[in-house]
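Remarks on the overall topology
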Amino acid sequence: MTPPILSAINAGKVYPGGIEALRNANLTIAPGEFVCLIGASGCGKSTLLRMIAGFETVTSGQIVVRGKEVTGPGPDRGMVFQDYGLFPWLTIRKNIAFGPIARGKPKAEAMAIADRFVSMMGLDRFADSYPHQLSGGMKQRVAIGRVLANDARMALMDEPFGALDAMTRERLQEELLTIWRATGLSVVFVTHSLEEAIYLADRVVVMSPGPGRIVAEERITLERPRDVSSPEFNDIRRHLAALLHADHATEAA
Amino acid sequence: MSEAVEPLPAETGPVRIDVTPLLRIVVPVVLLVGWWAGTALHPGGLIPAPSEVGVALWDLAFGGINDDAFSRMLLPDLIASASRVYGAFVLAAAVALPLGMLIGRLRLVREMLEPTLQVLRPVPVTAWLPLSMIMFGIGPKSAFFLVALGSFFPILLNTIFAVRSVEPRLFEAAQMLGVSPARLFPKVVLPASLPGIFTGLRLGLGLAWVVIVVGEMTGVQTGLGAMIMDARQLSRTEIVIAGMAVIGVAGFLSDYAVLMLGRKLLAWSPRHG
Ligand SMILES: Nc1ncnc2c1ncn2[C@@H]1O[C@H](COP(=O)(O)OP(=O)(O)OP(=O)(O)O)[C@@H](O)[C@H]1O
Ligand SMILES: [Mg+2]
């Protein structure tokens, strides 16, 4: 077995105010694996993702990426935010070239890389536009493109399609899967939609709040492309919904 | 202050007439007519009629009517004032921009300087006049100081605000793409705060034009402010009003040029583009 690209070992987080956002999270991700995190609001999904990204400190346990303990953000872990986080003063092409330039690539090379990912993400028409001129779906393409252009090994995605309409969302899910297959990227993807999780993931990780923790994992072995209306898909959905709700029931009790 | 004029909603009727230019001249025309009517009803009053101001303006610009100490002085006075306005503005910006960035980003500097600056800020430029004349003497240095002071605070405060209110998300985005903490300032803070800094510069330049008359009360010989002061002492009210009109138009044109420059440079910003 290849060594995991990521392992969280008893990882916990207590925020400065004393809120315990995450307790004893254990999670291992293989290179090229697509993992979805799902769970009720406040169960620590973003916290776990931000700890992997290096934006939040780990207050107990540890998170190891490619054999090294995470101590801060780095270009090997690219983050895709729900609110895009594009640089409004840069054109789309330059937004995508930002990472390569930041890492010291010569300008011409960075621009050539950017052009490649502009095309890959279907953004040719917008290469010289500014972010505020783009729709949400287009902006999220840029955000994904700049992570790819930066040779990230992992994409950390926090409800990336949460603010998009259903049609755009489905198209982007499709494109993400295509890119994922082509690049061998490892993906950790947070979502509120059970359907999205089952549609995308190799493995769905179910979390629950108070304090946030991982309560179940489900490997999804359905053939891709997956048919969301198939009985098998529905069985998995029912099973995971029960896990999520069982959890709510104990909350209420 | 920096927003462009909102476009009017399109007319939905069958005949579309763009009434915007009309809307813009309604108020000036009403004011002018009111002024003219007022002076026509009180002949011999202390306020001159618009026509007298027009004649005074002509004589200020080209001479040939009164041929007194004011004739043909418009251009030299305008140049004197404008050079003070821009010179003092550049000086103010040269101090306020770096200072604002330091105060905005470094806690130590903020704690040290902010209380002092907050106490100095409410003191109006007019109140500084006597002190300024003691410190810098009677003449252009004093004028320069007062105008610079007037444009200093808007530049400083907008710069502080702009560099402090950079969206935290952009720091995260830059760091996950490989920007080291030390490089965040040039790569993120500076470009992200340009629109706010620009607003400060625009307000600062506008205030420099406002303060120029006060500045030129310090006993300088040239400049629009000096011209107005001289005319006032000679009860030449038509020249006072002509001077006011020239300052108004000069300030407006100066602001318009800056606004256009901003639109060009900040095309990426929804607020300016
Ligand atoms: N910066 C912070 N400081 C203090 N508490 C925080 C901070 N960020 C999150 N929390 C708390 O930690 C807990 C987990 O938050 P987190 O954002 O990780 O949840 P989530 O699963 O992503 O929720 P959602 O589905 O609503 O995005 C919540 O109780 C939240 O209030
Ligand atoms: Mg979240």
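As a convention, each chain's residues are numbered from 1 in the sequence order in which they are written. Just so you know, chain letters begin at A and ligand numbers begin at 1, following the order they were written in. Only residues with pLDDT of at least 70 are given local features in this predicted model, and only at 80 or more are side-chain atom pairs given and counted; all residues enter the totals for whole chains, interfaces and linings. Side-chain metrics in this entry use all non-hydrogen atoms of the structure; hydrogen atoms and water are not considered.

**With respect to a nonpolar patch on the surface**
Residues and elements named next belong to chain B. Which entries qualify depends on this criterion: Residues with no salt bridge and a relative accessible area higher than 30% make up the patches, which join like charges within 9 Å and nonpolar side chains (Val, Leu, Ile, Met, Phe, Trp, Tyr) within 5 Å. Here, Shrake-Rupley sampling with a 1.4 Å probe gives the accessible areas, and only protein chains in the shown set may cover a residue. Take a side-chain nitrogen of Lys or Arg and a carboxyl oxygen of Asp or Glu: if they are within 4 Å of each other, that pair is a salt bridge. In DSSP terms, a helix is any run of H or I states spanning at least four residues, a strand is any run of E spanning at least two, and both are numbered starting from the N terminus. Exposure is judged per residue with a 1.4 Å probe applied to protein chains only, and the accessible area is read against the type maximum: over 50% gives exposed, under 20% gives buried, and values in between give partly exposed.
A cluster of nonpolar side chains, contributed by Val 15, Ile 17, Val 19, Leu 22, Leu 23, Ile 25, Val 29, Val 33 and Trp 36, occupies part of the molecular surface with about 900 Å² of accessible area. Locating Val 19 in the fold gives a position in the segment before α1 (20-41). Take Val 19: its relative accessible area is 32%, and that puts it in the partly exposed class.

**So, helix α2 (residues 50-62) of chain B**
Residues and elements named next belong to chain B. We count it as follows: One less than the residue count of a helix, multiplied by 1.5 Å, gives the span that helix is expected to have. Any two residues whose heavy atoms approach within 4.5 Å are treated as being in contact.
Here α2 contains 13 residues, and its C-alpha end-to-end distance of 18 Å stays within 8% of the 18 Å for a straight helix at 1.5 Å per residue. Within the sequence span of α2, burial applies to Pro 50, Val 53, Ala 56, Asp 59 and Leu 60. Lining the buried residues of α2 we find α1, α3 (74-105), α9 (224-233) and α10 (237-265). A positive backbone phi angle near 70 degrees is found at Gly 63, which sits one or two residues after α2.

**Quick word on the domain arrangement of chain A**
All names here are of chain A. As a reminder, the rule being used: By convention here, the domain bounds are inherited from an automatic or database domain assignment. Reported buried area values correspond to the accessible surface (1.4 Å probe) lost by two parts on association, with both partners' losses combined. In the analysis that follows, any N or O atom pair within 3.5 Å is treated as a polar contact, provided that within protein one partner can donate a hydrogen and the other can accept it, and provided that, for residues neighboring in sequence, both atoms belong to side chains. All amino acids are sorted into three groups, where Ala, Val, Leu, Ile, Met, Phe, Trp, Tyr, Cys and Pro are nonpolar, Asp, Glu, Lys and Arg are charged, and the leftover types, Gly among them, are polar.
Domain boundaries assigned for chain A yield domain 1 (1-76 + 154-253) and domain 2 (78-152). The distance between the C-alpha centroids of domain 1 and domain 2 comes to 24 Å. Taken together, the contact pairs 23 residues of domain 1 with 16 residues of domain 2. With both sides pooled, the region where domain 1 packs onto domain 2 buries about 1,700 Å², and carbon together with sulfur makes up 66% of that total. Our count for the contact surface shared by domain 1 and domain 2 stands at seven residue pairs in polar contact (both at pLDDT 80 or more). Counting residues per element, the ones that place at least two in the side of domain 1 that touches domain 2 are α1 (45-53), β7 (154-158) and α5 (166-183). Per-class residue counts for the side of domain 1 that touches domain 2 are 15 nonpolar, two polar and six charged.

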